[in-house]
Amino acid sequence: MPIPTTVRVVEVGPRDGLQNEAQPISVADKVCLVDALADAGLRYIEVGSFVSPKWVPQMAGSAEVFAAIAQQPGVTYAALAPNMRGFEAAVAAGVKEVAVFAAATEAFSQRNINCSISESLQRFEPIMEAAQRHDVRVRGYVSCVLGCPYEGSVTAEQVAPVASALYQLGCYEVSLGDTLGTGTPGATRRLFETVADVIPRKQLAGHFHDTYGQALANVYASLLEGISVFDSSVAGLGGCPYAKGATGNVATEDLVYLLQGLGVETGIDLERLIAAGQRISDVLGRVNGSRVAQARRAQ
Ligand code: HMG
Ligand code: MG
């Protein structure tokens, strides 16, 4: 199968990246990050989450962030919504696209959203109905597709029914999340081969955390499977609060560099992206997690 000629990059840094940060980050710094990412050519940015502030305190200011960003035409600004309460708050904040999130394992579902997999899917039903009424698009996530912090190994056969259920509910795209970042390219190819039996490849996305340094290799394996949408986080920010030790997503800069090398079109300006990643790394007092950004800065 030839690799796709264009790829859509879903920037999750402001949400997946920052949700794990214990230190306070001002609304102004979050807004600056989102606007800089749009200026760098990102056309899909996950800005925040409408979840319980007791569970994920860092995302509590998401409505304020939405109110202050300079929304550009042609850019999708999305947010996570775990239940109707979150969906309603997102709509009130003017959000036009939300993401619901389920898990491939019961233990992670309980730890992350405090309910079973089937309860979570039931919770999403009214969200899907309300989304249609409000003309809001819904993306779906499945977490722990290549390993679970509580249950260990996860098979593609465990993932496929959950992904399929989200697709059947009306999610226009399902992103398969290697939450722990333990997955390897062989397992990634098997995963997409299996899930492609129930969801068309064009409606699938890859979401790779880089804990074991496999994320870029997993992206390449996914490209070989015809997958053309990837989630990534500028400067490799982040991790999941319910997956201890897991690091951030593949860095957007590194993903863009890989794709440029393959001649795959993304529409992203790498230099502006590096500048956006460096600024937020400086704000957080963290070493920039993008290898490409580090290399460019050393030149
Ligand atoms: P719960 O405790 O079972 O819910 O949590 P509840 O309905 O009993 O409500 C408990 C309290 O939360 C109540 O407040 C509610 O009002 C409030 P209290 O009466 O105690 O003061 N509440 C809310 N507040 C704001 N917004 C809401 C909301 N809902 C209830 N939407 C719940 C269930 C789902 C709310 C909770 O478990 C939760 O918020 N979980 C979110 C966890 C999360 O955000 N995890 C990280 C994102 S997922 C991820 O990172 C993985 C991903 O990147 C893919 C991958 O890498 O695999 C997507
Ligand atoms: Mg994630």
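Quick summary incoming for the structure in this document.

Conventions adopted
Residues numbered from 1 in each chain as written. Chains lettered and ligands numbered in written order. Predicted model: local features only at pLDDT ≥ 70, side-chain atom pairs only at ≥ 80, totals over all residues. Heavy atoms only, no water. Helix = DSSP H or I, 4+ residues; strand = E, 2+ residues; numbered from the N terminus. Buried < 20%, exposed > 50% of the residue type's maximum accessible area, 1.4 Å probe, protein only. Axes fitted to C-alpha atoms, helices over the stretch in contact; angles between N-to-C directions. Parallel < 35°, antiparallel > 145°, perpendicular 65-115°, else oblique. Contact = heavy atoms within 4.5 Å. Nonpolar A, V, L, I, M, F, W, Y, C, P; charged D, E, K, R; others polar. Core = buried A, V, L, I, M, F, W, Y, C linked by side-chain atoms within 4.5 Å. Donors = N, O, S within 2.8 Å, 3.2 Å for Na, K, Ca; no water. Left-handed = near helix turned anticlockwise from the far one by under 90°. Polar contact = N/O pair within 3.5 Å; in protein donor to acceptor, adjacent residues only side chain to side chain.

### Some remarks on the environment of Cys32
Next up, step 1: Tracing the sequence through the fold places Cys32 in helix α2 (residues 27-39).
Next up, step 2: On the basis of relative accessible area, Cys32 is assigned to the partly exposed category, the value being 29%.

### Observations concerning the packing of helix α10 (residues 252-261) against helix α12 (residues 291-298)
Next up, step 1: Taken N-terminus to C-terminus, the directions of α10 and α12 make an angle of 85°; their axes are 6 Å apart at the nearest point. Here α12 runs roughly perpendicular to α10, going by the angle between their axes. Along the contact surface, α10 presents Glu253, Asp254 and Tyr257, while α12 presents Arg291, Val292, Ala293 and Arg296.
Next up, step 2: Residue classes in the contact of α10 with α12 are distributed as three nonpolar, no polar and four charged.

### So, the side chain of Ser120
Next up, step 1: Inspection of the secondary structure assignment puts Ser120 in helix α6 (residues 117-134).
Next up, step 2: For Ser120, a relative accessible area of 0% translates into the label buried.
Next up, step 3: The residues touching Ser120, leaving out its near neighbours within four places in the chain, are Ala102, Ile113 and Cys115.

### Points about the nonpolar core
Next up, step 1: Core analysis: the biggest nonpolar cluster contains 87 residues, and Val142 and Leu176 have the highest contact counts within it.
Next up, step 2: In terms of residue count, α6 provides more of this core than any other element does, seven residues in total.
Next up, step 3: Not counting the four nearest positions on each side in its chain, Val142 is found in contact with Ala102, Ala103, Ala104, Val159, Val162, Ala163, Leu166, Val174, Ser175, Leu176 and Gly177.
Next up, step 4: Within the second largest apolar cluster, 13 residues are counted, among which are Leu80, Ile113, Cys115 and Val229.

### Observations regarding the coordination of the magnesium ion (ligand 2)
Next up, step 1: Looking at the magnesium ion (ligand 2), the protein donor atoms are Asp16 (OD), His207 (NE2) and His209 (NE2), and they sit 2.0 to 2.3 Å from it.
Next up, step 2: Read in sequence order, the donor residues for the magnesium ion (ligand 2) give the motif D-x190-H-x1-H. Per residue, the accessibility class of His207 equals that of His209, and both read buried.

### Description of the packing of α10 against helix α11 (residues 270-284)
Next up, step 1: Close contact between α10 and α11 brings their axes to 10 Å; oriented N to C, the two are set at 165°. Considering the angle they form, α10 stands roughly antiparallel to α11. Here α10 runs over α11; the crossing is left-handed. Where α10 approaches α11, its residues Thr252, Glu253, Val256, Tyr257 and Gln260 are matched on the opposing element by Leu270, Leu273, Ile274 and Gly277.
Next up, step 2: Along the lines of polarity and charge, the residues of the contact of α10 with α11 split into five nonpolar, three polar and one charged.

### A few points about the environment of Arg291
Next up, step 1: Mapped onto the elements, Arg291 comes out in helix α12.
Next up, step 2: Measuring from C-alpha to C-alpha, the distance between Arg291 and Gly177 comes to 22 Å, with 114 residues separating the pair along the chain.

### Brief notes about the side chain of Ser62
Next up, step 1: Along the chain, Ser62 falls in helix α3 (residues 62-68).
Next up, step 2: Residue classification places Ser62 among the buried residues on the basis of a relative accessible area of 4%.
Next up, step 3: A distance of 3.1 Å separates a polar atom in the side chain of Ser62 from the backbone nitrogen of Ser49.
Next up, step 4: With residues up to four places along the chain from it excluded, the contact list for Ser62 reads Gly48, Ser49 and Phe50.

Any link to function would need more than the numbers given here.
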